Amino acid sequence: MINPLPRVAAIHDLSGYGRCSLTVVIPILSTMGFEVCALPTAILSTHTAIKGFKIFDLTDQLPGFIEHWKALNLRFDAIYSGFLGSARQASMVADFIRDFSTPETLVVVDPVMADFGELYASMPPEMIGEMTSLSRLAKVVTPNITEAAFMLGREVPQSLDESQVKDWLKALADLGPAYPVITSLPLSTKKDRSTVAAYNREDGRFWLAGRPQVPTQYHGTGDIFSSVLTGSLLQGDSLPIALDRSCQFVASAIQVTFGYSGLDHHEILLERALNTLHAPVTYASYELLA
Ligand code: PXL
């Protein structure tokens, strides 16, 4: 039978306030026409960048939830993981991928752990090794530059030239993923742009995409980027078009928010941008990295 609604298993935390993880994954993938089955890794009052956050780790509950899904014989077109509640969850998610995926399943691991050179507040150092092992099972990985450096055991760079970017992407592909993507790239030739780069190991091509920098930072933009990328690849877009749509959507969400005064940087006004996910790609700005 044709699947009337492709289905995504979304393995992320639920943060009540401060747009990130499931509160962006679900609206984005639903708007793009997918059924999202959420497997929450933790429940938080807010994301971990807001002082005083409370976290309820669901590590001990995950096996029971997964067993129930197995008993129901659920099938997924994509498995997409992000923030984990503990380092122990990485092997549970790896088992989930082994048990629920087929060669056709799109497996996306966003190794959410760190940004700006530092681990997030709730992250134990052993998360780096565990998340790196989990990433080996993915087709697509979407670390930011800090996470990529931690995964590869390299210094977090201030600046990279194009040949260094290719070397970083190849090193990530050597871990396992056929489509490594690096976000928040400090590319020396594009200092005024917010840039992402990707490698398609299957055809040996490297891609760059991006948009002009907006002079602000919002939380959760990495989750927004990876969610649109997952949806776009699942809709059948090529890797560079999927990169471009994701950059375009992040830029629109930032721009609709940035125009207001008096908002805090934890809340991106996602609903004001969601309808643009239906817009066709009219102007793609991706470049081949030769
Ligand atoms: O956006 C990544 C993210 C996801 N979930 C939680 C976070 C963060 C980043 O800070 O704290 C709970």
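Since the model is a prediction, treat every value here as computed from it, not as a measurement. (Residues numbered from 1 in each chain as written. Predicted model: local features only at pLDDT ≥ 70, side-chain atom pairs only at ≥ 80, totals over all residues. Heavy atoms only, no water.)

> Any chance you could break down unusual backbone geometry for me, citing the residues and the numbers?
It is generally the case that most residues other than glycine have a negative phi and that most peptide bonds are trans. At Asn 73, a residue that is not glycine, the phi angle is positive and equals roughly 55°. The topology assignment puts Asn 73 in the loop between helix H2 (62-71) and strand E6 (78-81). One non-glycine residue, Phe 116, adopts positive backbone phi at about 50°. Take Phe 116: it is sitting in the loop between strand E8 (114-115) and strand E9 (118-119). Look at Phe 116 and you get exposed, because its relative accessible area is 64%. (Helix = DSSP H or I, 4+ residues; strand = E, 2+ residues; numbered from the N terminus. Buried < 20%, exposed > 50% of the residue type's maximum accessible area, 1.4 Å probe, protein only.)

> Tell me about the sheet that holds strand E2 (residues 14-17), and please be specific about residues and values.
Strand-to-strand pairing in sheets goes through backbone hydrogen bonds, with the strands running parallel or antiparallel. Overall, mixed pairing links the three strands, which are arranged E2-E4-E5 in an open sheet. Every interior strand has two partners, whereas the edge strands, E2 and strand E5 (55-57), have only one. Put simply, the sheet's adjacent strands are angled 10° from each other on average, direction ignored. Summarising the sheet, E2 and strand E4 (residues 42-46) pair through three bridges and their orientation is parallel. Opposite Tyr 17, over in E4, you have Thr 46 as the bridge partner. (Pairing = 2+ DSSP bridges. Axes fitted to C-alpha atoms, helices over the stretch in contact; angles between N-to-C directions.)

> Any chance you could break down the sheet that holds strand E7 (residues 106-109) for me, citing the residues and the numbers?
As summarised here, the arrangement of the nine strands in space is E3-E1-E6-E7-E10-E11-E12-E13-E14, forming an open sheet in which the pairing is mixed. Each edge of the open sheet is held by one strand with a lone partner, namely strand E3 (35-38) and strand E14 (287-288). By the bridge criterion, eight bridges tie strand E12 (residues 193-200) to strand E13 (residues 205-212) in an arrangement that is antiparallel. Bridging from a neighbouring strand, Val 196 pairs with Ala 209 of E13. Those strands touched by helix H8 (residues 239-258) are strand E11 (179-182), E12 and E13, and its axis lies near 15° from that of E13. (Contact = heavy atoms within 4.5 Å.)

> Give me the lowdown on H8, citing residues and values where you can.
The end-to-end C-alpha distance of H8, which contains 20 residues, comes to 28 Å, matching closely the 28 Å that a straight helix rising 1.5 Å per residue would cover. In terms of burial, H8 is a largely internal element, 16 of the 20 residues being buried. (Expected span 1.5 Å × (residues − 1).)

> Quick one: what's the story with the packing of helix H7 (residues 221-234) against H8, residue by residue and with numbers?
Between H7 and H8, the least distance of the axes is 8 Å, while the angle of their chain directions is 140°. The angle between H7 and H8 falls in the class oblique. H7 and H8 meet at a crossing whose hand is right-handed. Contacts between H7 and H8 involve Thr 221, Ile 224, Phe 225, Val 228, Leu 229, Ser 232 and Leu 233 from the first element and Leu 239, Ala 242, Leu 243, Arg 245, Ser 246, Cys 247, Phe 249, Val 250 and Ile 254 from the second. Along the lines of polarity and charge, the residues of the contact of H7 with H8 split into 12 nonpolar, three polar and one charged. (Parallel < 35°, antiparallel > 145°, perpendicular 65-115°, else oblique. Left-handed = near helix turned anticlockwise from the far one by under 90°. Nonpolar A, V, L, I, M, F, W, Y, C, P; charged D, E, K, R; others polar.)

> Could you give an account of the site of the ligand, with specific residues and numbers?
In the vicinity of the ligand there are 13 residues, among which Asp 13, His 47, Thr 48, Phe 83 and Asp 223 approach most closely. The side chain of Thr 48 places a nitrogen or oxygen atom 2.6 Å from an oxygen atom of the ligand. Contacts to the ligand include Asp 223, whose side-chain N or O atom sits 2.9 Å from an oxygen atom. Along the lines of polarity and charge, the residues of the shell around the ligand split into five nonpolar, six polar and two charged. (Near = heavy atom within 4 Å. Polar contact = N/O pair within 3.5 Å; in protein donor to acceptor, adjacent residues only side chain to side chain.)

> Describe in detail the pairing of E6, supporting the description with residues and values.
Of the two faces of E6, both are covered, the one formed by Ala 78 and Tyr 80 as well as the one formed by Ile 79 and Ser 81. Two strands pair when backbone bridges link them, and strand E1 (residues 7-11) and E6 are joined in this way by four bridges, in the parallel orientation. Counted as the bridge partner of Ala 10 is Tyr 80 from E6.

> Quick one: what's the story with the nonpolar core, residue by residue and with numbers?
Formed by 52 residues in total, the largest nonpolar core has its most connected members in Trp 69, Phe 76, Phe 96 and Leu 134. Take this core: its biggest share by element is seven residues, from helix H3 (residues 89-100). The contact partners of Leu 134, leaving out residues within four places of it in the chain, are Ser 81, Leu 84, Ala 90, Val 93, Ala 94, Ile 97 and Val 109. Ranked by size, the runner-up nonpolar core spans 42 residues in total, among them Phe 34, Leu 106, Val 214 and Leu 270. (Core = buried A, V, L, I, M, F, W, Y, C linked by side-chain atoms within 4.5 Å.)

Taken by themselves, the reported measurements are silent on function.
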